[in-house]
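# Examination of the molecular architecture
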Amino acid sequence: MSSIANLYTVNRTISSSLTSNSSIFNRNSDLNRYYFEGFQIRVHSNGSYRFLSVSSVDTYGYLYAGSFNPAMPYENLIIRDDDSGGNNQFQFRYFLETNQTYFLIFTTYDSLVTGSFNLIVSGLTSVNITKVNYNSSFANGTTCKLSYVGVRIFWIEILFSLIKIFQCINKK
């Protein structure tokens, strides 16, 4: 058991908050919107790393490989978690590699919730964490051109939802 505890000897803590000015994305097909904050993650050595949220709000975490596109939240997704950290906090472990760039998305379980948080990343060595601004462009350098695709997908989801509603009404 002590060998597991020794896997996480270096902690890096980032403190921030979600506000009404934070970036927004639709993480599900439920049409709700969620504030989020994104962080680019790079490691100095291959190994298992732990990600843990500490907040007074119910948190949700996502980890992506290579890039994160808010208009396509399931693209490049490698792991996500809601409550494994206890007290409505996300926690997950993942084997990170030095030749890869990762993106951690911090958001909430409920729609449009604001509040402060700490993000703790633990491993054998230090981790480079850089906050990413998603308001002006996506993490992989793509500009607003991709957001049009996201808007189109959003409207297609609304259209399919309306079709389902009308089908239910017609069955009655």
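Figured I'd write up the structure that's included with this text. (Residues numbered from 1 in each chain as written. Predicted model: local features only at pLDDT ≥ 70, side-chain atom pairs only at ≥ 80, totals over all residues. Heavy atoms only, no water.)

Further remarks concern the overall build of the chain. Helix and strand counts for the chain stand at two helices and 10 strands. Going from N to C terminus, the chain has its helices and strands arranged as α-β-β-β-β-β-β-β-β-β-β-α. Here the chain holds 172 residues, and 40% of them are scored as buried. Contacts in the chain between residues at least 24 apart in sequence constitute 78% of all its contacts with a sequence separation of at least 6. (Helix = DSSP H or I, 4+ residues; strand = E, 2+ residues; numbered from the N terminus. Buried < 20%, exposed > 50% of the residue type's maximum accessible area, 1.4 Å probe, protein only. Contact = heavy atoms within 4.5 Å.)

What follows covers the nonpolar core. One recurring pattern in soluble globular proteins is that nonpolar side chains are buried together. Formed by 21 residues in total, the largest nonpolar core has its most connected members in F39, I41, F51, L96 and L104. Listing elements by their share of this core, those giving two or more residues are β1 (10–18), β3 (34–43), β4 (47–55), β5 (59–65), β7 (91–96), β8 (102–108), β9 (115–123) and β10 (127–132). Take this core: its biggest share by element is four residues, from β3. For F51, the contacting residues outside a window of four places in its chain are I41, L63, F90, Q91, F92, L96, L104, I120 and V121. Grouped together as the second largest cluster of nonpolar side chains are 11 residues, F25, F36, F103 and V132 included. (Core = buried A, V, L, I, M, F, W, Y, C linked by side-chain atoms within 4.5 Å.)

With that settled, the discussion passes to the packing of aromatic side chains. Each aromatic ring pair is described using two quantities: the centre-to-centre distance and the angle formed by the ring planes. Taken as a whole and assessed by the stated rule, the structure comprises 14 aromatic pairs. Ring centres 5.8 Å apart and planes at 20 degrees place the aromatic pair F90 and F92 in the stacked group. Site record: aromatic cluster; members linked through ring pairs are F25, F36, Y60, Y62, Y64, F68 and Y134. The cationic tip of R27 hangs over the ring face of Y34; the distance from NZ or CZ to the ring centre is 4.0 Å. (Phe/Tyr/Trp six-rings, centres within 6.5 Å; stacked < 30°, edge-to-face > 60°. Lys NZ or Arg CZ within 6 Å of the ring centre and 35° of its normal.)

Our focus in this paragraph is unusual backbone geometry. Glycine aside, negative phi is the norm for most residues, and most peptide bonds take the trans geometry. Phi is positive for N76, which is not a glycine, with a value near 70 degrees. When you line up the elements, N76 lands in the loop between β5 and β6 (77–81). Accessibility expressed as a relative area gives 33% for N76, which makes it partly exposed. At N88, a position not held by glycine, the phi torsion is positive, near 65 degrees. With respect to the helices, strands and loops of the structure, N88 is situated in the loop between β6 and β7. By relative accessible area, N88 is classed as partly exposed at 39%.

Now for the side chain of D58. Mapped onto the elements of the fold, D58 is located in the loop between β4 and β5. Nearest to the buried, unbridged D58 among oppositely charged side chains is R27, at 8.0 Å. The residues contacting D58, other than those within four sequence positions of it, are D82, D83, N88, T108 and Y109. (Lys, Arg positive; Asp, Glu negative; His and termini not counted. Salt bridge = Lys/Arg side-chain N within 4 Å of Asp/Glu carboxyl O.)

Let us look at the sheet that holds β7. One open sheet accounts for four strands, arranged β1-β9-β4-β7; its pairing is antiparallel. Both edges of this open sheet fall to β1 and β7, since each of them pairs with a single strand only. Between one strand axis and the next, the sheet turns by 20 degrees as a mean value, whatever way the strands run. In this structure, β4 lies alongside β9, joined through six bridges in antiparallel fashion. Of the residues in β9, the one forming a bridge with V54 is N118. (Pairing = 2+ DSSP bridges. Axes fitted to C-alpha atoms, helices over the stretch in contact; angles between N-to-C directions.)

Take the environment of F51 next. Summarising the element assignment, F51 is placed in strand β4. Relative accessible area serves as the criterion here: at 0%, F51 is assigned to the buried category. In sequence terms F51 and G61 are 10 residues apart; their C-alpha atoms lie 8.6 Å from each other.

Bringing the side chain of S23 into the picture now. When you line up the elements, S23 lands in strand β2 (residues 23–25). Residue S23 is classed as buried on the basis of its relative accessible area of 11%. With sequence-adjacent residues up to four places away left out, S23 is seen in contact with Y34, Y35, F36, Y134 and N135.

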